[in-house]
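Chain by chain, the residues:
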Amino acid sequence: QVQLAESGGGLVQAGGSLRLSCAASGRTFGNYNMGWFRQAPVKEREFVAAVSRSGNTYYADSVKGRFTISRDNAKTTVYLQMDILKPEDTAIYYCAAVGRILTRQYRDYDYWGQGTQVTVSS
């Protein structure tokens, strides 16, 4: 069982930056691949970025070069550094964990946080 709690969301102007954090409970954090997803109003939840147990990273094309995912296993925390934010990045951002193979499909993830709102003004 893993419990996840996101923080760091807020309101920022276009071109600005935010850093999201996802704190995980439990001593098995290192066994999970971790992902960030987002969901805008009336849109399906979409993959943003993921980091494997070994630290390999993967990004959606829409955020590649602007967002950076990382994990600190000692602190059982995963981060999403978001730079050069755009209004289209506005969404609720969710942290998720999957114990099996890393995937970009939100339905495959086992555990979810409650989400944190990110709003980018133009």
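Above: the structure in question.
The notes below deal with the structure included here. (Residues numbered from 1 in each chain as written. Predicted model: local features only at pLDDT ≥ 70, side-chain atom pairs only at ≥ 80, totals over all residues. Heavy atoms only, no water.)

Focus: the sheet that holds strand 1 (residues 4-7)
The strands making up a sheet associate through backbone hydrogen bonding, with each pair oriented either parallel or antiparallel. On the basis of which strands lie adjacent, the open sheet formed by 4 strands has the order 1-3-8-7 and antiparallel pairing. In this open sheet, the two edge strands, each paired with only one partner strand, are strand 1 and strand 7 (67-72). Between one strand axis and the next, the sheet turns through 15° on average, direction left out of account. Looking at chain direction, strand 3 (residues 18-24) and strand 8 (residues 77-82) are connected through 6 bridges and run antiparallel. Considered in strand 8, the bridge of Cys22 is made with Val78. (Pairing = 2+ DSSP bridges. Helix = DSSP H or I, 4+ residues; strand = E, 2+ residues; numbered from the N terminus. Axes fitted to C-alpha atoms, helices over the stretch in contact; angles between N-to-C directions.)

A closer look at the pattern of salt bridges
For the coordinates displayed, the defined rule picks out 6 salt bridges. For Arg107, the salt bridge goes to Glu44, with nearest N and O atoms at 3.3 Å. With Arg107 in the loop between strand 9 (91-98) and strand 10 (111-112) and Glu44 in the loop between strand 4 (33-39) and strand 5 (46-51), this residue pair connects regions lying 63 residues apart in the sequence. Ionic pairing is found between Asp89 and Arg66, a salt bridge with its closest N-O pair at 2.8 Å. Of this pair, Asp89 sits in the loop between strand 8 and strand 9 while Arg66 is found in the loop between strand 6 (57-59) and strand 7, placing the two residues 23 residues apart along the sequence. On the basis of relative accessible area, Asp89 is assigned to the buried category, the value being 0%. Ionic contacts of the salt-bridge type, sharing partners, join the residues Arg38, Glu46, Arg66 and Asp89 into one network. (Salt bridge = Lys/Arg side-chain N within 4 Å of Asp/Glu carboxyl O. Buried < 20%, exposed > 50% of the residue type's maximum accessible area, 1.4 Å probe, protein only.)

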